[in-house]
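Residue-level structure breakdown
Residues per chain are reported as follows:
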Amino acid sequence: MKLNTLTLRQAIKKLRQKEISHAELYQDVHEAIAEKNEALNIYLALDPEAVKKAEAKPDAALAGAPIAVKDNFLTRELITTASAKLLEGFRPPYESTVTTKLQRAGGVIVGKTNMDAWAHGSSTETSDFGPTKNPRNPAHLPGGSSGGSAAAIAADMCVAALGSETAGSIRQPASWCGVVGVKPTYGRVSRYGVVAMGSSLDSPGPMGKTVSDCALLLNSIAGYDSQDATTSDRSVPDFTRGLDRGVKNMKIGLCYVDHPKLAGTPASDAVIQAGKLFEMAGARYIARANLRFLLAKSHYGR
Amino acid sequence: MKSAAISASDVARIATLAKIPVTTAEEKKLAIGFNATLSVVDKLFSIDTSTVAGTHQVTGLVNVFREDEVDVVHMLSQEEALANASRYYNGFFVVDQIIEQG
């Protein structure tokens, strides 16, 4: 089994129990990068010291797990460009709060991922360093602006990743790449050292292979930061609590476009299948065609 | 309430202010784009918000202050601040003049 296909939780567990070594895990991650990065254009910068850093923190919460980081987080040790030519070769003089927290929690930055330049886009096509391709099918786009992070997870070039969202930039690429992304409430995660898109909206957040991985990663990056005056001082709950409660009696809504072009496509079938799984797990699943997307909450929220 | 329409000459003026060269064809195209965005704003006006309290932000924070002290930990030296500058002189950034003298 290739160790880079492990989820964050699986990797942490196996590292803790010494079932696998950091060297083995990082070797498989770097093999995937060597094999596919040129064609998929996911990482803009890589840390050759990543495995050494990982070996130094086996007892931390994230146990030295390999994490991909969107290139708009300032990192002192890795060039940060926000995928903009203007910042080519930029060595940040300080570290973002989120990457500081990530590393303190035992996460190790494998590399920096491609994105829409300055995060202005929703496809990762506008990167000044070329578009990222979707690992599930390179003829398709990964979404964006956190397209590189979503693709890094889908291509098993890391076990989890960090992205940032102003209006869809975590959830949309996660969806296009078939991974999980969480957009935290604004103010929950610090923006200090994140290249700004919309300062009163930007929300850094976790991306991963499972919901549980995202919850674990969010635990390590959330919280008040004196360097970001808009972070909330409310205490941070344990986001992994209640995950085993399931979806029983939860109301799950799906609003879809009823169009002959979409019917029977693999993507459409997968969404229908997901709905069936929710129903089987005890959720109330409600599908409605052709709702008005704009102002959906105002029209249908109650 | 309806937002004002943006004309091609409005686009030309914004482009001049932003120092972005725009062709006549692009002016027309961008005006269409601007107006499409404004039409979304017009749709927002269709919602009855008379009973909804204004929400300016979601954190509930009011008047965030800190002590008026120099934060040495987060301070950059002049050298660190200039380390990535393409041009500097005597410890300062060198930038193009953008305001005419007179």
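This write-up is about the structure you can find in this document. (Residues numbered from 1 in each chain as written. Chains lettered and ligands numbered in written order. Predicted model: local features only at pLDDT ≥ 70, side-chain atom pairs only at ≥ 80, totals over all residues. Heavy atoms only, no water.)

All names here are of chain B. The terminal C-alpha atoms of helix H2 (residues 24-44) lie 31 Å apart, and with 21 residues this matches the ideal 30 Å at 1.5 Å per residue to within 8%. Of the positions making up H2, those classed as buried are Glu-27, Ala-31 and Asp-42. Looking straight down H2, one finds that the buried residues subtend no more than 60° of arc, so they occupy a single side. Seen from the buried face of H2, the exposed residues on the opposite side, beyond 90 degrees, are Ala-25, Lys-29, Ile-32 and Thr-37. (Helix = DSSP H or I, 4+ residues; strand = E, 2+ residues; numbered from the N terminus. Expected span 1.5 Å × (residues − 1). Buried < 20%, exposed > 50% of the residue type's maximum accessible area, 1.4 Å probe, protein only. Arc of directions from axis to C-beta.)

Here we take up the sheet that holds strand S4 (residues 160-165) of chain A. Residue and element names in this part refer to chain A. Read across the open sheet, the six strands follow the order S1-S3-S2-S4-S6-S5; overall the sheet is mixed. The open sheet has two free edges, formed respectively by strand S1 (43-46) and strand S5 (180-181), since each of these has just one partner strand. For strand S2 (residues 65-70) and S4, the ladder comprises three bridges, and the chain directions are parallel. Across the sheet, Ala-68 pairs through a bridge with Ala-161, a residue of S4. Across the sheet, helix H4 (residues 97-104) touches S2, strand S3 (107-113), S4 and strand S6 (203-208), and the angle it forms with S3 is around 140°. (Pairing = 2+ DSSP bridges. Contact = heavy atoms within 4.5 Å. Axes fitted to C-alpha atoms, helices over the stretch in contact; angles between N-to-C directions.)

On to the packing of aromatic side chains, then. Residue and element names in this part refer to chain A. Under the counting rule described, the total for this entry stands at one aromatic pair over all chains. Taking 5.2 Å as the distance between ring centres and 35° as the angle between the ring planes, the aromatic pair formed by Tyr-94 and Tyr-192 counts as tilted. In this pair, Tyr-94 sits in the loop between S2 and H4 while Tyr-192 sits in the loop between S5 and S6, placing the two residues 98 residues apart along the sequence. Look at Tyr-94 and you get partly exposed, because its relative accessible area is 29%. (Phe/Tyr/Trp six-rings, centres within 6.5 Å; stacked < 30°, edge-to-face > 60°.)

This brings us to the packing of helix H1 (residues 8-16) of chain A against helix H7 (residues 211-221) of chain A. Residue and element names in this part refer to chain A. For the pair H1 and H7, the least separation of the axes is 8 Å and the interaxial angle reads 70°. Accordingly, the angle class assigned to the pair H1 and H7 is roughly perpendicular. Two secondary-structure elements touch here, H1 through Leu-8, Arg-9 and Ile-12 and H7 through Ser-212, Asp-213, Leu-216 and Leu-217. In terms of residue class, the contact of H1 with H7 is built from four nonpolar, one polar and two charged. (Parallel < 35°, antiparallel > 145°, perpendicular 65-115°, else oblique. Nonpolar A, V, L, I, M, F, W, Y, C, P; charged D, E, K, R; others polar.)

A separate point is the nonpolar core. All names here are of chain A. Within the largest apolar cluster, 56 residues are counted, with the highest numbers of intra-cluster contacts made by Leu-8, Tyr-43, Leu-102 and Met-157. Examining the composition of this core, we find that six residues originate from one element, helix H2 (residues 22-40), more than from any other. Not counting residues up to four positions away in its chain, the partners in contact with Met-157 are Val-29, Ala-32, Ile-33, Lys-36, Asn-37, Leu-40, Ile-42, Tyr-43, Val-110 and Ala-152. (Core = buried A, V, L, I, M, F, W, Y, C linked by side-chain atoms within 4.5 Å.)

Another aspect to go through is the interface of chain B and chain A. One frequently used descriptor of interface size is the decrease in accessible area upon assembly of the parts. Facing 14 residues of chain B, the contacting portion of chain A comprises 18 residues. With both sides pooled, the region where chain B packs onto chain A buries about 1,200 Å², and carbon together with sulfur makes up 68% of that total. Along the contact surface separating chain B from chain A lie zero salt bridges. Along the contact surface separating chain B from chain A lie three residue pairs in polar contact (both at pLDDT 80 or more). When residues in the side of chain B that touches chain A are grouped by element, the largest group, three residues, is from H2(B). (Buried area = accessible area lost by both parts, 1.4 Å probe. Salt bridge = Lys/Arg side-chain N within 4 Å of Asp/Glu carboxyl O. Polar contact = N/O pair within 3.5 Å; in protein donor to acceptor, adjacent residues only side chain to side chain.)

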